[in-house]
Amino acid sequence: MQPDYNVFFIVQAGRLEYEALIFAASFRDANPDFKGRLIAAEPTGAKWSTPVAISDPVRRFLTDHGVEILPFENRHFGESYPQGNKIEAMAALPAGPFVFFDTDTLFLGPLSQVGFDFNRPSASMRREGTWPEPQLYGADYTTIWKSLYDKFGLNFDSSLDKSQYENYWQRYLYFNAGWFFGADAQAFGKRFMQYAHAIRWDTPDELASQSLDPWLDQVALPLVIHSFGGGRPGPELAGLDGEVTCHYRALPLLYARESDAVVARLEAICAPQKIKRILRLHEPARKLIYQRKGVKLRAKIDRNALPRRESMLRNAIRREKLWLR
């Protein structure tokens, strides 16, 4: 029997507060019997040049849907690296088992269908080979990744998928940070911050030619998961990025590539007047969902022959003048 666990996501002014409406409404609809705390972590502090507090209508909507809004202070990242919010927020979370989801997540079914083993953390494999990008005369995949495992005293060899070729990116433990989970938010968050901070400000020489922006969280995450005895997700987690959740990343991408069932789910969740009157203030939702331009975009995309890389699909959407985020 699974222990009770908490779910958290990030919310702040702008795009994320509107995505949070879809997150909370779909979560509560799909998980009416969820026994843990649903937490929206809201950044604060001087590391932002513009206000990050969410608007009052969004705040009321979230609290009406049983979301606990938990402030945390950005001490290390903030505006310079907003992806670091998921790392810094963990210091404010309650101890115990947790699951993190990116705010651009739509819930399709109950999390009770997912077989979490919190003693074996894992994360999303819905990713591309975005990092590292070995240079012709620089360090290769093995050298780059091994330098990081060595830096933190971790066993590199046991992290490898040896069914994949040497220096092919899928041989190395690499996740999308769109969801991840672990046994204790405090311990996990402390180590996540330790590793990310050390990688960014005490970077191994082998990473000299590599960009860490925006990849820092995804560079540190596999090291943290491996350090707690975790690894690649097994079939018990297939509902994530499957029948239980959809990490859509951007509304145009959802309309362009996701299933008819996902589109129907999105539009059903966004139909009630209570959410519609707030979401209409957000240009992507107003145009794609309520003005039906998402359906028109969908009709122009062949989902049986999607481009191999997401960047190519984004370019196709831009040509339709509907890359809205």
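Predicted model, so just to flag it, every value in this text is computed and none were measured.

Things to note about helix H10 (residues 283–290)
Item 1. Those residues of H10 that sit buried are Pro284, Ala285, Leu288, Ile289 and Tyr290. With its buried residues spanning 155° around the axis, H10 presents them on a single face.

Notes on the packing of aromatic side chains
Item 1. Summed over all chains, the structure comprises 32 aromatic pairs.
Item 2. On the numbers, 5.1 Å between centres and 90° between planes, the contact of phenylalanine 27 with phenylalanine 34 is edge-to-face. Accessibility assignment for this pair places phenylalanine 27 and phenylalanine 34 in one class, buried.
Item 3. With centroids separated by 6.3 Å and ring planes inclined at 15°, the aromatic side chains of phenylalanine 156 and tyrosine 172 adopt a geometry described as stacked. Here the residue phenylalanine 156 occupies a position in the loop between helix H4 (141–151) and strand S7 (176–182), and tyrosine 172 occupies one in the loop between H4 and S7, the gap between them amounting to 16 residues.
Item 4. For phenylalanine 156, a relative accessible area of 9% puts it in the buried group.
Item 5. The ring of phenylalanine 228 is capped by arginine 191, whose NZ or CZ atom sits 4.0 Å from the centre of that ring.

Some thoughts on the packing of helix H1 (residues 15–30) against helix H2 (residues 56–64)
Item 1. Contact pair H1 / H2: the axes reach a minimum separation of 10 Å and the direction vectors enclose 15°. Here H1 lies roughly parallel to H2, going by the angle between them. Here the hand of the crossing between H1 and H2 comes out left-handed. Contacts between H1 and H2 pair Glu17, Ala20, Leu21, Ala24 and Ala25 from the former with Val58, Phe61 and Leu62 from the latter.
Item 2. A class-by-class count of the residues in the contact of H1 with H2 yields 7 nonpolar, no polar and 1 charged.

Description of the pattern of salt bridges
Item 1. Per the stated rule, a full pass over the model turns up 23 salt bridges.
Item 2. The shortest N-O distance in the salt bridge between lysine 86 and aspartate 102 comes to 3.3 Å. Placement of the pair is lysine 86 in helix H3 (residues 85–88) and aspartate 102 in the loop between strand S4 (98–101) and strand S5 (105–107), with a sequence separation of 16 residues. Assigned by exposure class, lysine 86 and aspartate 102 land together as buried.
Item 3. In this structure, arginine 171 and glutamate 166 form a salt bridge, with 3.5 Å as the shortest nitrogen-oxygen distance.
Item 4. The exposure class assigned to arginine 171 is buried, which follows from its relative accessible area of 11%.
Item 5. The network of salt bridges with shared partners includes Arg126, Arg249, Arg257, Glu258, Glu310 and Arg314.

With respect to the state of the cysteines
Item 1. With the rule as written, the count across this model stands at 0 disulfides.
Item 2. The thiol of cysteine 246 is unpaired, and the distance to the nearest cysteine sulfur, on cysteine 270, comes to 13 Å.
Item 3. In this structure cysteine 270 comes out as buried when scored by relative accessible area, which is 0%.

Describing the side chain of arginine 298
Item 1. Secondary-structure assignment places arginine 298 in helix H11 (residues 293–299).
Item 2. Residue classification places arginine 298 among the buried residues on the basis of a relative accessible area of 8%.
Item 3. In terms of polar contacts, arginine 298 uses its side chain to reach the side chain of aspartate 260, at 2.7 Å.

So, the side chain of glutamate 42
Item 1. Note on placement: glutamate 42 falls in strand S2 (residues 38–44).
Item 2. Within the structure, the side chain of glutamate 42 is placed 2.9 Å from the backbone nitrogen of isoleucine 54, a separation counted as a polar contact.
Item 3. Each residue touching glutamate 42, except ones within four places of it in the same chain, is listed here: Val11, Val52, Ala53, Ile54, Arg59, Ile69, Leu70, Pro71 and Phe72.

What counts and what doesn't
Residues numbered from 1 in each chain as written. Predicted model: local features only at pLDDT ≥ 70, side-chain atom pairs only at ≥ 80, totals over all residues. Heavy atoms only, no water. Buried < 20%, exposed > 50% of the residue type's maximum accessible area, 1.4 Å probe, protein only. Helix = DSSP H or I, 4+ residues; strand = E, 2+ residues; numbered from the N terminus. Arc of directions from axis to C-beta. Phe/Tyr/Trp six-rings, centres within 6.5 Å; stacked < 30°, edge-to-face > 60°. Lys NZ or Arg CZ within 6 Å of the ring centre and 35° of its normal. Axes fitted to C-alpha atoms, helices over the stretch in contact; angles between N-to-C directions. Parallel < 35°, antiparallel > 145°, perpendicular 65-115°, else oblique. Left-handed = near helix turned anticlockwise from the far one by under 90°. Contact = heavy atoms within 4.5 Å. Nonpolar A, V, L, I, M, F, W, Y, C, P; charged D, E, K, R; others polar. Salt bridge = Lys/Arg side-chain N within 4 Å of Asp/Glu carboxyl O. Disulfide = S-S within 2.5 Å. Polar contact = N/O pair within 3.5 Å; in protein donor to acceptor, adjacent residues only side chain to side chain.

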